[in-house]
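So you can see what is in the structure, the chains are spelled out below.
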Amino acid sequence: VGHCHPDIVMAAHEQNQLLNTNSRYLHDNLVDYAERLSKTLPEKLCIFYFLNSGSEANDLALRLARQYTEHEEVIVLDHAYHGHLTSLIDISPYKFRNLEGQKEWVHVAPVPDTYRGLYREDHENSVTAYADEVKNIIEHAHKRGRKIAAFFAESLPSVGGQIIPPAGYFQKVAEHVHKAGGVFIADEIQVGFGRVGKHFWAFQLQGEDFIPDIVTMGKPIGNGHPLACVATTKEIAEAFGATGVEYFNTFGGNPVSCAIGLAVLDVIEKEQLQAHATEVGNFLMKILKEQQIKHPIIGDVRGCGLFIGVDLIKDQAT
């Protein structure tokens, strides 16, 4: 919503003058914020955990998935980056390939990139072909006695090259993952909160019939303030709570953080920033596509709202 937005600065200042405390203490801001966030999401995603960073959110999502499924293995997309904690470096091919390598419990599926990926625009059914790659990973894992806890992916892979997965891909993947007893985790840390313009959440680009089991949020949620969130279903939260080992985060969801989170949602609504992302994004795509015609080095221009990629190439044919 912009650097030093006056509404955000004021919300933080006013709450700071009243009270800031850890989240063992009850405070209306926490409940009010959870209610406001819930209105942006499908109904079944109704349980919220508040944290300080996207990395914390993704780490908790892993814990939730493993506790609920009682499985350990994770499928991720190639080139993915999910955070800087040890648990997340392990599921980030972008990082682990330069460090200790791939762990036995991590499986890497090809990015559903129809421009330079395995299955391209000229493929008869790239959606099914990419989803079948995930299905094959699951089958191969099962043959070795391994069980899948989660498919973990950014709704729009960003580090992987600003990729827009073909519509229907997540539905087919979720079908395979659920059949294997796993859950679908959508990482919205970079792409949520209206960035794609036409929807509040990037996973909604896949269609109304797709709902992840867990959604993680960070970055824009607090406009630079340390705030993050995990949204999930009652079933997953209850399985997590059944251990008796409660989740606690000293400053996650404190009164100031929640006041800021509420102010961010107010600004997005008041200043019609989703419509703004659509309009500016469409304009930018239009002028980039005009440049593409002029310059052979531009192979592809793709995007949605203010999530845009320009793919620079050496040769059009290859």
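Only a predicted model underlies this, so the values are computations on that prediction, with no experimental measurement involved. In every chain, residue numbers begin from 1 and rise along the written sequence. The predicted nature of this model means local features are confined to residues of pLDDT at least 70 and side-chain atom pairs, given and counted, to a pLDDT of 80 or more, with totals for whole chains, interfaces and linings taken over all residues. Water and hydrogen atoms were dropped before computing side-chain values, which therefore reflect all heavy atoms in the structure.

Undergrad: Is there a simple way to explain the overall build of the protein chain in this structure?
TA: Secondary structure elements follow DSSP: runs of H or I no shorter than four residues count as helices, runs of E no shorter than two count as strands, and numbering proceeds from the N terminus. Secondary structure assignment for the protein chain yields 10 helices and nine strands. A radius of gyration in this sense is built from C-alpha atoms; the matching globule rule multiplies 2.2 Å by the number of residues raised to 0.38. The C-alpha atoms of the protein chain give a radius of gyration of 20 Å, which matches the 20 Å a tight globule of 318 residues would have. Taken together, the 28 basic and 40 acidic charged side chains of the protein chain have centroids lying 5 Å from each other. Charged residues are defined here as Lys and Arg on the positive side and Asp and Glu on the negative side; His and the ends of the chain fall outside this count. All charge positions are set by atom: Lys at NZ, Arg at CZ, Asp at CG, Glu at CD.

Undergrad: What am I meant to see in the packing of helix H6 (residues 126-143) against helix H7 (residues 169-179) here?
TA: Packed helix pairs are characterised by how far apart their axes lie and by the angle those axes make with each other. An axis is simply a line fitted to the C-alpha atoms; with a helix, the fit covers only the stretch in contact. Between two such axes, the angle follows the N-to-C directions and lies from 0 to 180 degrees. Their axes nearest at 9 Å, the elements H6 and H7 cross at an angle of 20 degrees. In terms of orientation, H6 lies roughly parallel with respect to H7. As for the relative orientation of H6 and H7, their crossing is right-handed in sense. Along its contact with H6, which presents Val127, Thr128, Tyr130, Ala131, Asp132, Val134, Lys135 and Ile138, the element H7 presents Tyr169, Lys172, Val173, His176 and Val177. Under the grouping applied here, Gly and all other residues not named as nonpolar or charged are polar, the nonpolar ones being Ala, Val, Leu, Ile, Met, Phe, Trp, Tyr, Cys and Pro and the charged ones Asp, Glu, Lys and Arg. Here the contact of H6 with H7 is built from residues that sort into eight nonpolar, two polar and three charged. The scheme is simple: roughly parallel for angles under 35 degrees, roughly antiparallel for over 145, roughly perpendicular for 65 to 115, oblique for anything else. Helix crossings are classified by the rotation of the near helix relative to the far one: an anticlockwise turn of less than a right angle makes the crossing left-handed, while a clockwise turn makes it right-handed. For this analysis, residues touch if any pair of their heavy atoms sits within 4.5 Å.

Undergrad: Explain the sheet that holds strand S6 (residues 214-217) here, please?
TA: Whenever strands of a sheet pair, they do so through backbone hydrogen bonds, lying parallel or antiparallel. Strands were regarded as paired on the criterion that DSSP finds at least two bridges between them. Spatial ordering of the open sheet is given by S1-S7-S6-S5-S4-S2-S3, a layout of seven strands whose pairing is mixed. Where the open sheet ends on each side, the last strands, each with one partner, are strand S1 (47-51) and strand S3 (106-109). Looking at each pair of strands side by side, their axes are set apart by 20 degrees on average, direction ignored. Bridging between strand S4 (residues 148-154) and strand S5 (residues 183-187) involves five bridges; their strand directions are parallel. In the sheet register, Phe152 faces S5, and the bridge partner there is Ile185. Along the sheet, helix H3 (residues 54-69) contacts S1, strand S2 (73-77), S4, S5, S6 and strand S7 (228-232); its crossing angle with S6, the most-contacted strand, is approximately 165 degrees. Each of S2, S3 and S4 is contacted by H6, which is oriented at about 155 degrees to S3, the strand it contacts most.

Undergrad: How should the domain arrangement of the protein chain be read in this particular structure?
TA: Quoted interface sizes are often the accessible area lost when the parts come together. Domains are outlined according to an automatic or database domain assignment. Here the protein chain is described as being made up of domain 1 (6-271) and domain 2 (276-312). Counting residues at the interface gives 16 residues for domain 1, matched by 14 residues for domain 2. By convention, the term buried area covers the 1.4 Å-probe accessible surface removed from two parts as they join, with the contributions of both added. Interface area lost by domain 1 to domain 2 is led by Tyr115, Gln162 and Arg195, which between them contribute 46%. Salt bridges are defined as contacts in which a side-chain nitrogen from Lys or Arg sits within 4 Å of a carboxyl oxygen from Asp or Glu. Linking domain 1 with domain 2 are one salt bridge, by the criterion used here. Whenever a nitrogen or oxygen atom comes within 3.5 Å of another N or O atom, the pair is scored as a polar contact, on the condition that within protein one atom can donate a hydrogen and the other can accept it, and that pairs from neighbouring residues in sequence are kept only if both atoms are in side chains. Linking domain 1 to domain 2 there are eight residue pairs in polar contact (both at pLDDT 80 or more).

Undergrad: Teacher, can you tell me more about the packing of helix H2 (residues 28-38) against helix H9 (residues 255-270) here?
TA: With their axes 9 Å apart at the nearest point, H2 and H9 run at an angle of 30 degrees to one another. As for how H2 packs across H9, the hand of that crossing is left-handed. Touching Asn29, Leu30, Asp32, Tyr33, Arg36 and Leu37 of H2 are Pro255, Cys258, Ala259, Gly261, Leu262, Leu265, Asp266 and Glu269, all from H9.

Undergrad: What am I meant to see in the packing of aromatic side chains here?
TA: For any pair of aromatic rings, the description consists of the separation of the ring centres together with the inter-plane angle of the planes. We call Phe, Tyr and Trp rings a pair once their centres come within 6.5 Å, taking the six-membered ring for Trp, and we label the pair stacked below 30 degrees between planes, edge-to-face above 60, and tilted otherwise. Taken as a whole and judged by the stated rule, the model has 15 aromatic pairs. Measuring from ring centre to ring centre gives 5.2 Å for Phe200 and Trp201, while their planes differ by 75 degrees; the resulting arrangement is edge-to-face. Grouping aromatic residues by their ring pairs yields a cluster made of Phe151, Tyr169, Phe170, Phe184, Phe203 and Phe210. Definition used: whenever NZ (Lys) or CZ (Arg) falls within 6 Å of the ring centre and also within 35 degrees of the ring normal, the charge is taken to sit over that ring. The ring of Phe248 carries Arg24 above its face, with NZ or CZ at 3.9 Å from the centroid.

Undergrad: Would you explain the pairing of S1 in this entry?
TA: Within a regular beta strand, the side chains point alternately toward one face of the sheet and then the other, so they alternate between its two faces. Buried residues dominate S1, accounting for four of its five residues. When S1 meets S7, the two strands line up antiparallel, connected through five bridges. Within S7, the residue paired with Phe50 across the bridge is Cys229. For the exposure calls, accessible area comes from a 1.4 Å probe over protein chains only, and a residue counts as buried if that area is under 20% of its type's maximum, exposed if over 50%, partly exposed in between.

Undergrad: Just checking my understanding: could you explain unusual backbone geometry for this structure?
TA: The phi torsion of most residues other than glycine is negative, and most of the peptide bonds are trans. Of note in this structure, Cys4 is not a glycine but carries a positive phi near 55 degrees. Along the polypeptide, Cys4 turns up in the segment before helix H1 (6-18).

Undergrad: Is there a simple way to explain the nonpolar core in this structure?
TA: Most often, soluble globular proteins keep nonpolar side chains buried together rather than apart. Nine residue types can take part in a nonpolar core, namely buried Ala, Val, Leu, Ile, Met, Phe, Trp, Tyr and Cys, and a core is a set of them joined through side-chain atoms within 4.5 Å. Within the largest apolar cluster, 53 residues are counted, with the highest numbers of intra-cluster contacts made by Tyr33, Leu37, Val134, Phe151, Tyr169, Phe193 and Met217. Counting residues per element, this core draws most heavily on H9, at nine residues. Those residues in contact with Tyr33 that sit more than four places away from it in its chain are Phe50, Ile221, Leu227, Cys258, Gly261, Leu262 and Leu265.

Undergrad: How should I be thinking about a nonpolar patch on the surface in this particular structure?
TA: Like charges within 9 Å and nonpolar side chains (Val, Leu, Ile, Met, Phe, Trp, Tyr) within 5 Å are joined into patches, using only residues over 30% in relative accessible area that form no salt bridge. Computed with the Shrake-Rupley method and a 1.4 Å probe, the accessible areas treat only the protein chains shown as cover for residues. The grouping of Ile297, Val310 and Leu312 at the surface amounts to a nonpolar patch, some 260 Å² of accessible area in total. Examined against the element boundaries, Leu312 turns out to sit in strand S9 (residues 307-312). Take Leu312: its relative accessible area is 52%, and that puts it in the exposed class.

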